[in-house]
Amino acid sequence: MVHIHKTIEQKKEECITLLRSTNRDKIEDLITHITSMGYFEAPGSLKHHRFVGGLVSHSLETYHKAMELCEEKIRDGFSPDLMPKDSVIIAALMHDLCKADALRYSKTLHRTIEIKQTDHSARSVRKVRSSGFILTPAEEDAILMHMGGKRRIKDEIKRKEHFMKNPLSDIIHRADGKSIGESKRRHHPEQYR
Ligand SMILES: [Fe+2]
């Protein structure tokens, strides 16, 4: 939880260091692309992490929680090869990339405003791709399914099977939910008493 007390500059540095640590082809192009989109200034959502730097804060929280969930999955018998660290980094930090140029925090209105429609997960995948960076199929699935995948897989049993077969998608979805829940409890504790 140390990261919530970091400054936005420190979070930016942590995020870039993590992305570089993947050693993936075109990672510098991806960093340049997300920076120009406003990734490091954007708020995280209209509903949570509603502050300048909220998106990078939420993405880092998602990453840290995903790493914890990875350990859990491995203890449950899943192969670590299904959740390589570079994929956890890419999927966790890029799952909400669509918001980088779509949301802004208005200091005069004291709230987050939507300047573009996000249409969310599919747009995040397109935005990563437009930098030239290539997502693995598992990373793409994790981004597309991070909100639970109800629209993509209507049948609940099939959806659960999908998450069982794709542990990276499962951990990103659950880590995202945990970060959102904690943000709401931090900023709106009255709703959780
Ligand atoms: Fe998210």
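Here is a short report on the structure shown in this document. (Residues numbered from 1 in each chain as written. Predicted model: local features only at pLDDT ≥ 70, side-chain atom pairs only at ≥ 80, totals over all residues.)

1. Overview of the overall build of the chain
For clarity, the cut-off: Only DSSP runs of H or I with at least four residues qualify as helices, and only runs of E with at least two residues qualify as strands; both kinds are numbered from the N terminus onward. Radius of gyration: over C-alpha atoms. The globule rule applied is 2.2 Å multiplied by the number of residues raised to the 0.38 power. With C-beta atoms placed from the backbone, a residue is buried if 20 or more other C-beta atoms are within 10 Å of its own, exposed if 12 or fewer are, and partly exposed between those counts. By the convention adopted here, residues are in contact when the distance between their C-beta atoms, placed from the backbone, does not exceed 7 Å.
The helix and strand inventory of the chain stands at eight helices and two strands. Taken over C-alpha atoms, the radius of gyration comes to 16 Å for the chain, in line with the 16 Å a tight globule of 193 residues would show. Here the chain holds 193 residues, and 38% of them are scored as buried. In the chain, of all internal contacts separated by at least 6 residues, the share reaching a separation of at least 24 is 70%.

2. Things to note about helix H1 (residues 8-21)
Each full turn of the α-helix corresponds to 3.6 residues, which orients residues three or four apart in the same direction. Heads up, the rule is: Take the residue count of a helix, subtract one, and multiply by 1.5 Å to get its expected span. To obtain the arc, one takes the directions from the helix axis to the C-beta atoms.
The terminal C-alpha atoms of H1 lie 20 Å apart, and with 14 residues this matches the ideal 20 Å at 1.5 Å per residue to within 8%. Buried residues of H1: Lys11, Cys15 and Leu19, and no others. Looking straight down H1, one finds that the buried residues subtend no more than 70° of arc, so they occupy a single side. Facing away from the buried surface of H1 by more than 90 degrees, the exposed residues are Glu9, Gln10, Thr17 and Ser21. Against the buried residues of H1 lie helix H2 (27-37), helix H3 (54-75) and helix H4 (85-94). In the segment just after H1, Asn23 is the residue with positive phi, at about 55°.

3. Quick notes on the nonpolar core
Heads up, the rule is: By convention in this section, buried Ala, Val, Leu, Ile, Met, Phe, Trp, Tyr and Cys residues joined through C-beta atoms within 7 Å make up a nonpolar core.
Residues Ala66, Val88, Ala91 and Ala92 are the most contacted members of the largest nonpolar core, which totals 38 residues. Setting aside chain neighbours within four positions, we find Ala91 in contact with Glu139, Ala142, Ile143, Leu168 and Ile172.

4. Thoughts on the packing of helix H5 (residues 120-129) against helix H6 (residues 137-144)
Heads up, the rule is: With axes taken as lines fitted to C-alpha atoms, and helix axes fitted only over the stretch in contact, angles between N-to-C directions fall between 0 and 180 degrees. Ten residue types, Ala, Val, Leu, Ile, Met, Phe, Trp, Tyr, Cys and Pro, are classed as nonpolar, four, Asp, Glu, Lys and Arg, as charged, and the remainder, Gly among them, as polar.
Two numbers describe how H5 lies on H6: the axes approach to 8 Å, and their chain directions differ by 145°. Between H5 and H6, the contacting residues are Ser121, Ala122, Ser124 and Val125 on the first element and Glu140, Ile143 and Leu144 on the second. Residues of the contact of H5 with H6, tallied by class, amount to four nonpolar, two polar and one charged.

5. What about the environment of Ile34?
Summarising the element assignment, Ile34 is placed in helix H2. Once the C-alpha coordinates of Ile34 and Met94 are considered, the two residues, 60 residues apart in sequence, prove to be 9.1 Å apart. The contact partners of Ile34, leaving out residues within four places of it in the chain, are Tyr39, Leu97 and Ala100.

6. Considerations on the pairing of strand S2 (residues 111-114)
Condition: Strand pairing is assigned whenever DSSP identifies at least 2 bridges connecting the two strands.
By the bridge criterion, four bridges tie strand S1 (residues 103-106) to S2 in an arrangement that is antiparallel. When the sheet's bridge partners are listed, Arg104 is paired in S2 with Ile113. Turn length for the S1-S2 hairpin, with the two strands adjacent in sequence and antiparallel, is four residues, and the turn residue His110 shows positive phi of about 55°.

7. Side note on the environment of His110
Position of His110 relative to the elements: it lies in the loop between S1 and S2. Judged by the 8 C-beta atoms lying within 10 Å of it, His110 is exposed. Separated by 19 residues in sequence, His110 and Arg129 place their C-alpha atoms 33 Å apart.

8. Examining H2
Buried residues of H2: Leu30, Ile34 and Met37, and no others. Taken around the axis of H2, the buried residues stretch over an arc of 60°, which confines them to a single face. Along H2, exposed side chains directed more than 90 degrees from the buried face belong to Thr32 and Ser36. Elements that come into contact with the buried residues of H2 comprise H1 and H5. Downstream of H2 by a residue or two, Gly38 has a phi angle that is positive, lying close to 100°.

9. Regarding the environment of Glu14
Note on placement: Glu14 falls in helix H1. Look at Glu14 and you get partly exposed, because 17 C-beta atoms sit within 10 Å. Between the alpha carbons of Glu14 and Ile143 there is a distance of 21 Å; along the sequence they are 129 residues apart.

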